[in-house]
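These are the residues of each chain, in order.
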Amino acid sequence: MSIITDEENNYKKVDINKTKNDIVKPETIESDRKFENTIRPKNFEAYIGQSALKETLKITIAAAKKREQPLDHLLFYGPPGLGKTTLAGVIAEQMGVDIKITSAPALERPRDIIGILMSLKGGEILFIDEIHRLNKIAEEILYPAMEDFYLDMTTGKGQTVKTLRLPIPKFTLIGATTKAGALSGPLRDRFGIIHRLEFYTEDELAEVITRTAGILNISIDNDGAHAIAKRSRGTPRIANRLVKRVADFALVKADGKITQKIANNALNTLKIDNCGLDTTDRNLLMLIVEKYNGGPVGIETLAAALGEDVRTLEDVCEPYLLQAGLLQRTPRGRMVTPYALDHLGIKNSNISIQGSLF
Ligand SMILES: Nc1ncnc2c1ncn2[C@@H]1O[C@H](COP(=O)(O)OP(=O)(O)O)[C@@H](O)[C@H]1O
Ligand SMILES: [Mg+2]
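Here's what I pulled together on the structure shown here. (Residues numbered from 1 in each chain as written. Chains lettered and ligands numbered in written order. Predicted model: local features only at pLDDT ≥ 70, side-chain atom pairs only at ≥ 80, totals over all residues.)

Observations concerning the nonpolar core
What counts, and what does not: In these notes, a nonpolar core means any group of buried Ala, Val, Leu, Ile, Met, Phe, Trp, Tyr and Cys residues linked to one another through C-beta atoms within 7 Å. The burial criterion counts other C-beta atoms lying within 10 Å of a residue's C-beta, which is placed from the backbone; the residue is buried at 20 or more, exposed at 12 or fewer, and partly exposed between these limits. Counting from the N terminus, the helices are DSSP H or I runs at least four residues long and the strands are E runs at least two residues long. The domain limits used here are those given by an automatic or database domain assignment. Remark: residues whose backbone-derived C-beta atoms lie within 7 Å of one another are considered to be in contact.
Ranked by size, the top nonpolar core spans 65 residues in total, and within it Ile209, Ile228 and Val246 carry the most contacts. Among the elements that make up this core, the one with the highest residue count is helix α9 (residues 236-253) (seven residues). Of the domains in this structure, domain 1 (30-196) and domain 2 (202-269) are the two that each give at least three residues to this core. Beyond its immediate stretch of four places on either side in the chain, Val246 contacts Ile228, Ile258, Ile262, Ala263, Ala266 and Leu267. By size, the runner-up hydrophobic cluster in this structure holds 16 residues, among which are Leu285, Leu321, Ala340 and Leu341.

Put into structure tokens, the structure is as follows:
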């Protein structure tokens, strides 16, 4: 696989969490970069979970191979850290083709996208991460390329302007986004296949953890893996990060082996609670409870009060809080759930949810 621009390294990500304890943030953080590629599954066998998606993809791939055609363009969406980039690599491996990896913020100028499209070879996969951030011009260059494998180029100015149709080899575009809703309609319509990645179950995460521990020569037992899995927010990237941190703890405080007890001690020390929430998440929930009587309250208000960016709350914190049943999204804003009150250890008799006491 040839990675011409690695999405994690080649553009600046706005790191709003830099000053915070970002160990349970699903986005890539500095310490992930060194080892993320060594533990990334390279084929379907090693890619854990997402079984329904994997089955459909295997069939699509087999059919494309039989027809000797490139795969249809694919769009993956879902919260960060669930395996979108990894899956693109797995597909390339299964198709037996090369993959070029880039991300929308790296395609700012028309010549960036034209350059990359012209460099593609027949059948190759082009992976564009954060595809909802493509600008209008780049999108318009992409349309004919995706549809008819042509580039429409204009040369000259004013009276002498000429349009040129340049054929490019047939390729497969794989787009990934954390915000399917932010993708423009015409772009979304040009993807033949659209799939959502789901959060992982505890068992699946325990499997991810055991696999990673094996690669990194970390000794861990089954209960230890489950203890970490429980607090990994359904996200393999976080599971991998936690297993490394807990391994350090095990080495210093014990004989190096991760057991349930060691894992729980280490995670408590890291202030990650038994739902995988860190202080930012708990602060968010507490704020809604204490200042807004459980909600509803607008996301902008919450972001301002927490000194967080709206995008971070929406894309990074919220998906898991919603999935875990701790937070609810209503037309009038965010609300905590009875389960959240329970989790925070708050007596709920004074809190009304949607006007009714519970
Ligand atoms: N299904 C999976 N099985 C095992 N490990 C996974 C899986 N999905 C993701 N990972 C691990 O999690 C990390 C983050 O995955 P990535 O594909 O970069 O997520 P995304 O692109 O959705 O943000 C990778 O380093 C990979 O090792
Ligand atoms: Mg990614």
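Concerning the site of ligand 1
Note the cut-off: The rule is simple: place the C-beta atom from the backbone, and if it lies within 6 Å of a molecule or strand, the residue is near it. Each residue gets one label: Ala, Val, Leu, Ile, Met, Phe, Trp, Tyr, Cys and Pro are nonpolar, Asp, Glu, Lys and Arg are charged, and the others, such as Gly, are polar.
Near ligand 1 lie 20 residues; those nearest to it are Gly83, Lys84, Thr85, Thr86 and Pro236. Those elements that provide at least two residues to the shell around ligand 1 are α1 (30-39), α3 (84-95) and α9. Here the shell around ligand 1 is built from residues that sort into nine nonpolar, seven polar and four charged. The two domains that each donate at least three residues to the shell around ligand 1 are domain 1 (30-196) and domain 2 (202-269).

Things to note about the packing of helix α8 (residues 222-230) against helix α10 (residues 260-269)
This is how the line gets drawn: Between the N-to-C directions of two axes lies an angle of 0 to 180 degrees, each axis being a line fitted to C-alpha atoms and, for a helix, fitted only over the stretch in contact. Angular relationships are summarised with four words: roughly parallel below 35 degrees, roughly antiparallel beyond 145, roughly perpendicular across 65 to 115, and oblique for the angles in between.
Packing of α8 against α10 leaves a shortest axis separation of 7 Å and a crossing angle of 25°. Classified by the angle between their axes, α8 and α10 sit roughly parallel to one another. On the side of α8, the interface is formed by Asp223, Gly224, Ala227 and Ile228, while α10 contributes Gln260, Ile262, Ala263 and Asn264. For the contact of α8 with α10, the residue count by class is four nonpolar, three polar and one charged.

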